[in-house]
Amino acid sequence: MYFIFSYLIGCVMFGYWVMRLVYREDIRSVGSGNVGARNGGRLRGASAFAAIFLGDALKGASVILLGRYLNYAEPLLLLGLGFAIIGHIKPITLKFKGDKGVSTFIGGMLALEPWLAFVIIISFLVLYPFTKSFTLSGLGAFLATPATIMIKSGNWLSCVISLSLCCFGKIA
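So, here is what we can say about the structure in this document.

The rules behind these values
Here the residue numbering is sequential within each chain, running from 1 through the sequence in written order. Restriction of local features to residues with pLDDT of at least 70 applies here, the model being predicted, together with a cutoff of 80 or more for giving and counting side-chain atom pairs; totals for whole chains, interfaces and linings are based on all residues. To obtain the side-chain values, all non-hydrogen atoms of the structure were used and water was disregarded. Every helix listed is a DSSP run of H or I at least four residues long, and every strand listed is a run of E at least two residues long, numbered separately from the N terminus. As a reference, a globule follows 2.2 Å times the number of residues to the power 0.38, and the radius of gyration itself is taken over C-alpha atoms. Summary of the burial criterion: residues with accessible area below 20% of their type's maximum are buried, those above 50% are exposed, and those between are partly exposed, where the area comes from a 1.4 Å probe applied to protein chains only. Under the convention used here, a 1.4 Å probe and the Shrake-Rupley method define accessible areas, while residue burial counts only the protein chains that appear. The criterion is simple. A nonpolar core is a set of buried Ala, Val, Leu, Ile, Met, Phe, Trp, Tyr and Cys residues joined through side-chain atoms within 4.5 Å. Throughout, a contact is declared for two residues whenever any of their heavy atoms are within 4.5 Å. A fitted line through C-alpha atoms serves as each axis, taken over the contacting stretch for helices, and the angle formed by two N-to-C directions is quoted from 0 to 180°. Angular relationships are summarised with four words: roughly parallel below 35 degrees, roughly antiparallel beyond 145, roughly perpendicular across 65 to 115, and oblique for the angles in between. Left-handed describes a crossing in which the near helix is turned anticlockwise from the far one by less than a right angle; the clockwise case is right-handed. Each residue is assigned to one class: nonpolar for Ala, Val, Leu, Ile, Met, Phe, Trp, Tyr, Cys and Pro, charged for Asp, Glu, Lys and Arg, and polar for all the others, Gly among them. Between 30 and 60 degrees the pair is tilted, below 30 it is stacked and above 60 it is edge-to-face, where a pair is any two Phe, Tyr or Trp rings, Trp via its six-membered ring, whose centres lie within 6.5 Å. The length a helix should cover is 1.5 Å for every residue beyond the first.

Topic: the overall build of the protein chain
- Looking only at helices and strands, one finds 9 helices and 0 strands in the protein chain.
- The secondary structure elements of the protein chain, listed N-terminal to C-terminal, are α-α-α-α-α-α-α-α-α.
- Relative to the compact-globule value of 16 Å for 172 residues, the protein chain shows a C-alpha radius of gyration of 16 Å, a close match.
- For the protein chain, the spread of C-alpha atoms along the three principal axes comes to 50 × 45 × 25 Å.
- Within the protein chain, buried positions represent 47% of all 172 residues.
- For the protein chain, the exposed area adds up to about 9,100 Å²; of that, 72% sits on carbon and sulfur atoms.

Written out as structure tokens, the structure reads:
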């Protein structure tokens, strides 16, 4: 039941709803056509970006917090986050055409371990001078999270699941 609920939470597309309710536009038919915060921000500025990002991040965080409330082990929490990300990437609510899941991943990982924010930021700052690319530095920073989880918990299964989550949006 937890995984089904996680998927359904992931299917709530904040980009679609913010743009539809606030700006009276279908985000899928403007800009890049993507329903994520980046497209919303390009179209309507920082406030649209922030609203969409926070909504999508809260989906990931809510799944982790629910799993914690139910006393699930870390690997199950991460699998629940995976189902939320799948719901965000392939939402039944938008005919399976969603977004990349980055905001949902960030929200879930920060709810799992809040100090991962520092790991991600520091990794980004270390990588950026070498790559000169926000995208590559961001991907590298996200890949630091599984290693950090492994070092902290020593749980190989959690490490493998979090690594899979990092890569999932690129192959879905």
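There is more to say after this.
A few points about the nonpolar core
- Within the largest apolar cluster, 27 residues are counted, with the highest numbers of intra-cluster contacts made by Phe105, Met109, Leu112 and Leu165.
- Contributions of two or more residues to this core are made by helix H1 (2-10), helix H4 (46-69), helix H5 (74-89), helix H6 (102-112), helix H7 (116-131), helix H8 (134-153) and helix H9 (156-171).
- Tallying contributions element by element places H5 first for this core, with 6 residues.
- Here Leu112 is in contact with Ile64, Arg68, Glu74, Leu77, Leu78 and Ile149, once residues within four sequence places are set aside.
- Met13, Val18, Ile52 and Leu94 belong to the second largest nonpolar core, which has 9 residues in total.

Focus on the environment of Val160
- Along the chain, the position of Val160 falls in helix H9.
- The class of Val160 is partly exposed, set by a relative accessible area of 46%.
- Counting along the chain gives 84 residues from Val160 to Leu76, while the straight-line C-alpha distance between them is 12 Å.

Topic: the packing of helix H2 (residues 14-23) against H4
- Where H2 meets H4, the axes come as close as 9 Å, and the angle between the chain directions of the two elements is 140°. Between H2 and H4, the crossing angle belongs to the class labelled oblique. Seen from above, H2 lies across H4 with right-handed handedness. Contacts between H2 and H4 pair Phe14, Gly15, Val18, Met19 and Tyr23 from the former with Ser47, Ala48, Ala51, Ile52, Gly55, Asp56 and Lys59 from the latter.
- Residue classes in the contact of H2 with H4 are distributed as 7 nonpolar, 3 polar and 2 charged.

Description of the packing of aromatic side chains
- Summed over all chains, the structure comprises 7 aromatic pairs.
- Judged by centre distance (4.9 Å) and plane angle (25°), the ring pair of Phe3 and Phe83 falls under stacked. With Phe3 in helix H1 and Phe83 in helix H5, this pair connects stretches of sequence that are 80 residues apart.
- In this structure Phe3 comes out as partly exposed when scored by relative accessible area, which is 28%.
- Note on Phe83: relative accessible area 32%, which makes it partly exposed.
- Aromatic pair Phe49 and Phe53: ring centres 6.0 Å apart, planes at 10°, arrangement stacked. Of this pair, Phe49 and Phe53 are both found in helix H4, 4 residues apart, which corresponds to roughly one turn of the helix.

Structural notes on H7
- For H7, spanning 16 residues, the distance from its first C-alpha to its last is 22 Å, which sits close to the expected 22 Å at 1.5 Å a residue.
- Residues of H7 that are buried: Leu116, Val119, Ile120, Ser123 and Phe124.
- For H7, the elements touching its buried residues are H6 and H8.
- Where H7 ends, the next residue or the one after it, Lys132, has phi of about 55°, a positive value.

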